[in-house]
Amino acid sequence: MIDPKDLQNGDEVYVIYRNPHVPTVSNIKAAEIVPHPKDANSLALFLNETFHVIEDDDALFTSHEAAEKAYQDASDPFYQ
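*Asks:* Explain the pairing of strand β1 (residues 12–18) to me, please; I cannot follow it from the model alone.
*Replies:* Looking along a regular strand, one sees the side chains alternate between the two faces of the sheet. By the bridge criterion, seven bridges tie β1 to strand β2 (residues 26–35) in an arrangement that is antiparallel. Residue pairing across strands places Arg18 opposite Ser26, the latter belonging to β2. One ladder, built from two bridges, connects β1 with strand β5 (residues 60–61); its direction is antiparallel. Residue Val15 lies in a different strand from β5, and its bridge partner there is Leu60.

Spelled out as structure tokens, the structure:
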């Protein structure tokens, strides 16, 4: 996972995104780190044509594979 404090404008990250219409479905999506549109001193996550505030507990990954592994580990009953 990436520490949100290490993010820079232009970084590409991967997130596990829960489908808001079907709560049991999650996808791994690429997103871009961009300047926050309302706070010039902050960054935002640009995902699905929408800006999202980056929270300290957001799970951001450097690759699709890393996000996939984290998702599988979290879904595995052995790890729960």
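Still more to cover.
*Asks:* Even after reading the chapter, I still don't get the sheet that holds strand β4 (residues 50–53), so can you show me in this structure?
*Replies:* Note on sheets: strands pair through backbone hydrogen bonds, and any given pair is parallel or antiparallel. With antiparallel pairing, five strands are arranged side by side in an open sheet as β4-β3-β2-β1-β5. This sheet does not close on itself; its edge strands, each paired only once, are β4 and β5.

*Asks:* How do you make sense of the environment of Tyr17 when you look at a structure like this?
*Replies:* Secondary-structure assignment places Tyr17 in strand β1. Overall, the relative accessible area of 24% leaves Tyr17 in the partly exposed class. Along the primary structure Tyr17 and Asp3 are separated by 14 residues, whereas in three dimensions their C-alpha atoms are 18 Å apart. When near neighbours in sequence (up to four residues on either side) are disregarded, Tyr17 contacts Val25, Ser26, Asn27, Lys29, Leu47 and Asn48.

Rules of the game
- Residues numbered from 1 in each chain as written.
- Predicted model: local features only at pLDDT ≥ 70, side-chain atom pairs only at ≥ 80, totals over all residues.
- Heavy atoms only, no water.
- Pairing = 2+ DSSP bridges.
- Helix = DSSP H or I, 4+ residues; strand = E, 2+ residues; numbered from the N terminus.
- Buried < 20%, exposed > 50% of the residue type's maximum accessible area, 1.4 Å probe, protein only.
- Contact = heavy atoms within 4.5 Å.

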